[in-house]
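# Coordinate inspection notes
Below, each chain spelled out in residue letters.
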Amino acid sequence: MTATPLVVLEDVNKHFGQLHVLKDIQLSVQSGEVVVVIGPSGSGKSTLCRTINRLETIDNGRIMLDGKELPAEGRGLAKLRSDVGMVFQSFNLFSHKTVLQNVTLGPIKVLKKGRAEAEKRGMELLDRVQIADQANKYPAQLSGGQQQRVAIARALAMNPKVLMFDEPTSALDPEMVQEVLDVMIDLATEGMTMVVVTHEMGFARRAAHRVVFMADGEIVEEATPDEFFTNPQKQRAKDFLSKIL
Ligand code: ADP
Ligand code: MG
């Protein structure tokens, strides 16, 4: 079967001034696929995520979602942003809104859903990330792990085609990491298309269909988790793994 990949990057290049942060990136993600992106700090992983929903411009190359080239700006961009969900290291919840309001705001404002419908679905999503009992609290009243689960529910509320996670557990206290990874593993199992930047190799082994190793702005190696962790091919990948495993 040769389905059109959901996300395709072709020859994508990006500079910040003199710094070449993305070098001829080629990447495709199939529908239902979980791709884990790993690599040293500064290798361009966050920039890669941000280019996929146009939080960053690119110098050249093409980015396609569901077979259509992404608009760099204009009206198509809001639609695109709702198709590509983002979960960040720092949660980025709206602090003056309740948990439920955080989850319903996008559907009401952007997707033009009615409040009752948005709240019903919002509660279902909060239930899915096991936090429905906190719906009327404010983010500051929640633990980091709970806040990140709200951020995941908020992203899901927009019915994204793909969810991007940029180090979603890096800001969490160690005891809260697993509760967030468990939600992500559930989503992966249910067939959500996900691109996950993470240092959690247990998650990569368990949930990833493919590991993409980046270094110095390049995709250096791509393999199944099994191949990558047991038999990395490139020296840079071997060096990286020897430091983290
Ligand atoms: P990673 O997520 O792998 O740590 P990043 O994508 O954040 O890497 O960064 C890649 C490189 O681009 C780093 O050298 C970083 O300092 C630089 N960089 C990232 N964002 C900016 C920016 N807005 N302006 C200038 N340089 C940036
Ligand atoms: Mg980063």
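Everything below is about the structure printed above this text.
Within each chain, residue numbers correspond to sequence positions counted from 1 in written order. Here chains are named by letter from A upward and ligands by number from 1 upward, in the order in which they appear as written. Local features are withheld for residues below a pLDDT of 70 in this predicted model, meaning they are given only at 70 or higher, and side-chain atom pairs are given and counted only at 80 or more; totals for whole chains, interfaces and linings count all residues. Neither water nor hydrogens contribute to the side-chain values; these are computed over all heavy atoms in the structure.

Even without being a glycine, F91 presents a positive backbone phi close to 65 degrees. You can see F91 is positioned in the loop between β6 (84–87) and α3 (99–109). Phi at K112 takes a positive value of approximately 60 degrees, unusual for a residue other than glycine. Only runs of H or I of at least four residues qualify as helices and only runs of E of at least two qualify as strands under DSSP, and these elements are numbered from the N terminus. Its location among the elements puts K112 in the loop between α3 and α4 (115–128).

At least two DSSP bridges between two strands are needed for those strands to be called paired. The pairing of strand β1 (residues 7–16) with strand β2 (residues 19–29) spans seven bridges and is classified as antiparallel. Looking across to β2, one finds that V12 is bridged to I25. Linkage of β1 to β2, two consecutive antiparallel strands, is achieved through a turn of two residues, within which G17 is found at a positive phi near 60 degrees. Sheet topology places β1 next to strand β4 (residues 60–65); five bridges connect them, and they run antiparallel. Paired with L9 across the bridge in β4 is I63.

This part is about the sheet that holds strand β5 (residues 68–69). The sheet built from four strands is open, its strands ordered β2-β1-β4-β5 with antiparallel pairing. Edge strands, defined here as strands with exactly one partner in the open sheet, are β2 and β5.

For the largest pocket, the calculated volume is near 490 Å³. Looking at the largest pocket, it is lined by 21 residues, and the ones nearest its centre are R81, S82, M86, R154 and M158. The greatest single-element share of the lining of the largest pocket, amounting to five residues, is contributed by α3. The distinction between a cavity and a pocket rests on a 1 Å grid over the protein atoms alone: a 1.4 Å probe fits inside a cavity but cannot get out, while a pocket stays open yet meets protein on both sides within 12 Å along at least five of seven lines, and a residue with an atom within 4 Å of a point counts as lining. Grid points are joined across faces, edges and corners, and a volume is the space filled by probe spheres set on the points. Of the pockets and cavities examined, the second largest pocket occupies roughly 160 Å³. In terms of lining, the second largest pocket is formed by L65, D66, K68, E69, L70, P71, G76, K79, L80, D83 and K161.

Moving on, we get to the pattern of salt bridges. Any two side chains of opposite charge can pair, on the condition that their charged atoms come close. Note on definitions: salt bridges are taken to be side-chain nitrogens of Lys or Arg within 4 Å of carboxyl oxygens of Asp or Glu. In the structure shown here, the tally under the stated rule is 14 salt bridges. In this structure, E56 engages K14 in a salt bridge whose closest nitrogen and oxygen atoms are separated by 3.6 Å. In this pair, E56 is assigned in the loop between α1 (45–52) and β4 and K14 in strand β1, connecting sequence segments 42 residues apart. Note on accessibility: E56 and K14 belong to one class, buried. Residue R210 is joined to E222 by a salt bridge in which the shortest nitrogen-to-oxygen separation is 2.3 Å. You can see R210 sitting in strand β9 (residues 210–215) and its partner E222 sitting in strand β10 (residues 218–223), a full 12 residues away along the chain. For E222, a relative accessible area of 37% corresponds to the partly exposed category. Where salt bridges share partners, they join E10, R62 and E69 into one cluster. Each residue's exposure class comes from its accessible area (1.4 Å probe, protein chains only) as a fraction of the maximum for that residue type: buried when under 20%, exposed when over 50%, partly exposed otherwise.

It is worth spelling out the environment of S95 at this point. In this fold, S95 is placed in the loop between β6 and α3. The class for S95 is exposed, based on a relative accessible area of 56%. Separated by 45 residues in the primary sequence, S95 and A140 place their C-alpha atoms 6.9 Å from one another. Not counting residues within four places of it along the chain, the set of residues in contact with S95 comprises Y138 and P139. Working rule for contacts: check all heavy atoms of both residues, and any pair within 4.5 Å makes them a contact.

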